Each structure stands twice: as structure tokens, then as C-alpha cells.
Amino acid sequence: CRPLFINGKIIRQFSSQRAPKILITGGLGQLGTQCARLLRSKYGKNNVILSDIIKPKEEIVEEGPYIFADILDFKGLQKAVVTHRIDWIIHLSALLSAIGEQNVSLAVRVNIEGMHNVLELAKQYKLRIFVPSTIGAFGPDSPRNPTPNLTIQRPRTIYGVSKVHAELMGEYYHHKFGTDFRCLRFPGVISADEPGGGTTDYAVAIFYDALRRGQYNCYLKPDTMLPMIHIKDCLRSLLEFMTAPEESLKHRCYNVTAMSFTPEELAEKISKYIPELKMSYNIDSRQLIADDWPQVFDDSEARKDWGWKHEYDLDKLVEDILQQVRGRIR
Ligand code: AKB
């Protein structure tokens, strides 16, 4: 923004640049609709186009533009970028860790081929591109407590492998072609919108079951510590990172987080509001995934380089998500 000074006072701010036009892929997943809301509040309703291959609910369409876009269809993506004069692409399409293990070939297509398509699109049309990575991009050889920004990454899930691939491809396109590739490694994201197919999903499901039934049957052991973040902090980190000046970015991929906790610790906080909450544990294959992941995520590079700071700690998160989930199940 360029301020206009008259007699030393700022009279009006002129925007020296128009708002970016943004395409969000995989828009009907856990992050998409709230991401669109946040970006629309900053850049205007019509500048943010949500896309997916799923038929949306009426409310989604009422909130702003929604289009069909299949990340495996390169020509269709080109058409969307050209027609809507897109400047930024937020690429959220992906199969998460647990579901990826159940359908490896689909995960390869969506997470790897889809990533190739959007990167090529970003190169051709000079788009700024955001791709989320994950704590799942680390594996049993990585230090777990804490896990630094730059360390060994040898994940053992197809989700993790596809995300390391995305990080490396994005960095390669940046160095080779100057593509403005930006990537944040997110921990488990906690929202009132239920995610699907992840290992950290328990930390959302527990709120629904605690309120509906006063009990939760957890598929992870009580002492499994994983890094987590409230969705509002997660999406704010995305926006702040996308608007961070190029000079401040020492890396193209940054760890971000807010807290770490175990199922036992989360249940204890929730039981302050729902004292009758009963926990049971029925461990499944997601435990093996969680056992290889970071316990404490070191996001000091993001805090240092572009000022990342979380707002929600565990107490604030539990209060907020309980209130939102209560509103939904009434
Ligand atoms: C998952 O559990 O697969 C995701 C993630 C941590 O990336 N929520």
C-alpha cells in the first residue's frame, strides 16, 4: 500500500497492487473452506476460487466462486488458471497418512502426479504456489524431540514419501526456474470440521464423541505425543507465509507448530468441561505411523525468519473447539 501524505498526515492508502486471484485445490477437505473464508476476508469474495471434484453443499456455493477442477487433468487446470486469471495456487489436494496406506496407487496419483501438474502450472503461468507438507514427512531416522527444520527425512508412509517429493520438487523448480514455491510442514490440525484419513484425526473425533456420548475409544496409545495446531493458527500461518517478503525467506519449506500433547493429556483437559468423559484405547495400525513421527516440532526458523507466532495453546484450543462442536451437534 502507498500512503498519501497531506500536511504530514496519512489521508488515504492506495494499493499499488491489485489483490491476487487465488485458486484453492482440494477445497472440500479439512482446510479448504476455512482457508477460502480467510483469504476472501482479505482479498475479496470473488478473488478466491475454491475447487474440487466433489459436488458442494449449497452454503459453499453461496460463500463465493466454486469450480470443478481435477488435479489430474492438466488441461482443465490450465483452463481454470487462464479463465480466472489466477496468480496464486493453494494446493490442498492430498490423501492423508492412514488412507494413503489403504490405497497406495491412488495416493501416488493424487499426491505425486497432482503435485507435478500444479508445479508445472505454476512454472508456465508464473504463479505463487503453496503446498502444505507435514510432520509425516519425517520418519524413524529423524530426531523426534525436537525435530529441526533441516534434518533426515526418510518417511515410511506413501503420504510422507509424496510430501518429501513435493518439497524437493518445489525447491528444484524454485532454483531452476524461479518458481515462487512456498511450503509449510503442518502438524495435526484441529478444527470443528472433521478431517478424513489422517493419523492425528483422533484429536478432532474426541470432541464429538465426548459431547455426544461422554466417551471416546482412541486408536492411539494414551502416551503418544504428537505436535498439533488450531486451524485458525494454521491458516493464519499460511496467509502470513504467502505474504512474507521474498527476502525474509531463507528456506522454501518451514516447520510450523503450536503445541504437543498426548491423547491422555487432551482427554484430561476436555474432562474439565465434561467430567463424565471415559476414555478407552483400542490401538490400530495408525499407532505404527505415529510412532515414527515427530513428538516435538522445532519451528524456530519460521519464528525467526518471518515472525511466526501461534495464538492457541492447549487450554484455549479445547475451550474453542468444544464450543464450536457443541454448536454443530445441537
Ligand atoms: C495426518 O494425520 O495424516 C495429517 C498430518 C499430520 O499430516 N493430519
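Everything quoted here is computed from the prediction, not taken from an experiment.

The next thing to look at is the UniProt feature "domain: NAD-dependent epimerase/dehydratase" (unreviewed entry) in the protein. The residues that UniProt annotates with the feature "domain: NAD-dependent epimerase/dehydratase" (unreviewed entry) are residues 22-256. Taken end to end, residues 22-256 comprises 43% helix and 19% strand; its first and last C-alpha atoms sit 22 Å apart.

On to unusual backbone geometry, then. Trans is the prevailing form of peptide bonds, just as negative phi is the prevailing case for residues other than glycine. The omega torsion of the bond from Asn145 to Pro146 falls at 0°, within 30 degrees of zero and hence cis. Take Pro146: it is sitting in the loop between strand 7 (128-134) and helix 6 (158-177). Despite not being glycine, Arg85 has its phi angle at roughly 50°, a positive value. Even without being a glycine, Lys126 presents a positive backbone phi close to 55°. Within the fold, Lys126 resides in the loop between helix 5 (104-125) and strand 7.

Pairing is parallel in the open sheet, where seven strands are placed in the order 5-4-3-6-7-8-12. For this open sheet the edge positions go to strand 5 (66-68) and strand 12 (253-255), each flanked by a neighbour on one side alone. Across this sheet, the average inter-strand angle for adjacent strands is 20°, counted without regard to direction. Pairing of strand 6 (residues 88-91) with strand 7 involves three bridges; the strand directions are parallel. Bridge pairing links Ile90 to Phe130 in strand 7.

Taken together, Leu96, Ser97, Thr134, Ile135, Gly136, Tyr159, Gly188, Gly198, Thr199 and Thr200 are the residues near the ligand. Across the shell around the ligand, the residue classes tally to three nonpolar, seven polar and no charged.

Let us now look at the environment of Tyr125. Relative to the helices and strands, Tyr125 is located in helix 5. Residue classification places Tyr125 among the partly exposed positions, given that 15 C-beta atoms sit within 10 Å. Separated by 40 residues in the primary sequence, Tyr125 and Arg85 place their C-alpha atoms 9.5 Å from one another.

Another point: the pairing of strand 8 (residues 180-186). Most of strand 8 sits inside the fold, with six of its seven residues counted as buried. In this fold, the crossover linking strand 7 to strand 8 by way of helix 6 has right-handed handedness. Where strand 8 lies against strand 12, three bridges are found, and the strand directions are parallel. Within the sheet, the bridge partner assigned to Arg185 lies in strand 12 and is Asn255.

With that settled, the discussion passes to helix 3 (residues 74-83). Of all the positions in helix 3, only Leu77, Ala80 and Val81 are classed as buried. Angular distribution of buried residues about the axis of helix 3 spans 95°; they occupy a single face of the element. Opposite the buried face of helix 3, at more than 90 degrees from it, the exposed residues are Lys75, Val82 and Thr83. Among the structural elements, strand 3 (22-25), strand 4 (48-52), strand 5 and helix 5 are those in contact with the buried residues of helix 3. Count one or two residues on from helix 3 and you reach Arg85, which has phi positive near 50°.

Before going further, it helps to examine the nonpolar core. If you look at the biggest cluster of nonpolar residues, it comprises 85 residues, and the most contacted ones within it are Ile24, Ile89 and Ile129. Look past the residues within four positions of Ile89 in its chain and what remains in contact with it is Leu23, Thr25, Val118, Leu121, Ala122, Leu127 and Ile129.

At a closest axis distance of 10 Å, the pairing of helix 1 (residues 32-43) and helix 8 (residues 231-242) adopts a crossing angle of 50°. Taken as axis vectors, helix 1 and helix 8 run oblique relative to one another. In the crossing of helix 1 with helix 8, the sense of the turn from one axis to the other is right-handed. When helix 1 is examined against helix 8, the residues Gln34, Cys35, Leu38, Leu39 and Lys42 are found in contact with a partner set consisting of Ile231, Leu235, Leu238 and Leu239.

Basis of the calculations
Residues numbered from 1 in each chain as written. Predicted model: local features only at pLDDT ≥ 70, side-chain atom pairs only at ≥ 80, totals over all residues. UniProt positions renumbered as here; feature names shortened; annotations may be inferred. Helix = DSSP H or I, 4+ residues; strand = E, 2+ residues; numbered from the N terminus. Pairing = 2+ DSSP bridges. Axes fitted to C-alpha atoms, helices over the stretch in contact; angles between N-to-C directions. Near = placed C-beta within 6 Å. Nonpolar A, V, L, I, M, F, W, Y, C, P; charged D, E, K, R; others polar. Buried ≥ 20, exposed ≤ 12 C-beta atoms within 10 Å, placed from the backbone. Right-handed = clockwise from strand over helix to strand, strands pointing away. Arc of directions from axis to C-beta. Contact = placed C-beta atoms within 7 Å. Core = buried A, V, L, I, M, F, W, Y, C linked by C-beta atoms within 7 Å. Parallel < 35°, antiparallel > 145°, perpendicular 65-115°, else oblique. Left-handed = near helix turned anticlockwise from the far one by under 90°.

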